[in-house]
Amino acid sequence: MLRESGLRVTRPRLAVLEAVHAHPHADTESIIGAVREGVPEVSHQAVYDSLHALTAAGILRRIQPAGSVARYETRVGDNHHHLVCRACGAIVDVDCAKGAAPCIHPVDAHGFAVDTAEVIYWGTCPECAAA
Ligand SMILES: [Zn+2]
Ligand SMILES: [Zn+2]
């Protein structure tokens, strides 16, 4: 994936990719923790740089629900949406409302060529609703 995107293959990049794949919607601190389990000497800066390069190359997708830090996932290119729990912050993938991106169209696009609809459904997860 890295080579196809024209990125040099480095240990931090591979480790970050593996960590995000294993922990979808992880934040940067969690990713640093997961990366250090395999590559203890990796610096914060190397993880930040890897996240930036992988996101810029479209290998990772970055989401940032309101009130949350940035989160990363390897599920890219399908314009899926997210459910977010207001109480505990849990994030769950949901498929497009229908069809491909943008699966939801504005009532009036004001002449914009719309390519993506980024939808966050807010609510309470089953665990928090039960608590
Ligand atoms: Zn919850
Ligand atoms: Zn997702």
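Up top is the structure.
A few points on the structure.

Cut-off values and rules
Residues numbered from 1 in each chain as written. Chains lettered and ligands numbered in written order. Predicted model: local features only at pLDDT ≥ 70, side-chain atom pairs only at ≥ 80, totals over all residues. Heavy atoms only, no water. Helix = DSSP H or I, 4+ residues; strand = E, 2+ residues; numbered from the N terminus. Buried < 20%, exposed > 50% of the residue type's maximum accessible area, 1.4 Å probe, protein only. Contact = heavy atoms within 4.5 Å. Donors = N, O, S within 2.8 Å, 3.2 Å for Na, K, Ca; no water. Pairing = 2+ DSSP bridges. Axes fitted to C-alpha atoms, helices over the stretch in contact; angles between N-to-C directions. Polar contact = N/O pair within 3.5 Å; in protein donor to acceptor, adjacent residues only side chain to side chain.

Bringing the overall build of the protein into the picture now. For the protein, the count of helices and strands is 4 helices and 6 strands. Sequence-ordered secondary structure for the protein, helices as α and strands as β, is α-β-α-α-β-β-β-β-β-α. Along the three orthogonal principal directions, the C-alpha set of the protein runs to about 50 × 45 × 20 Å. A buried classification covers 37% of the 131 residues belonging to the protein. Of the contacts formed within the protein by residues at least 6 apart in sequence, a portion of 46% connects residues at least 24 apart.

Coordination sphere of the zinc ion (ligand 2), protein contribution only: His25 (NE2), Glu73 (OE), His80 (NE2), His82 (NE2) and Asp93 (OD), at 1.8 to 2.3 Å. In the primary sequence, the donor residues of the zinc ion (ligand 2) line up as H-x47-E-x6-H-x1-H-x10-D. When sorted by exposure, histidine 80 lands in the same class as histidine 82, which is buried.

This next bit is on the sheet that holds strand β6 (residues 120-123). On the basis of which strands lie adjacent, the open sheet formed by 3 strands has the order β5-β4-β6 and mixed pairing. The sheet is open, and its two edges are formed by β5 (91-94) and β6, each paired on a single side. Between one strand axis and the next, the sheet turns through 25° on average, direction left out of account.

This brings us to the side chain of glutamate 73. Within the fold, glutamate 73 resides in strand β3 (residues 71-73). At 2.7 Å, the side chain of glutamate 73 forms a polar contact with the side chain of histidine 25. Engagement of the side chain of glutamate 73 in a polar contact is seen with the side chain of histidine 82, the distance being 3.2 Å.

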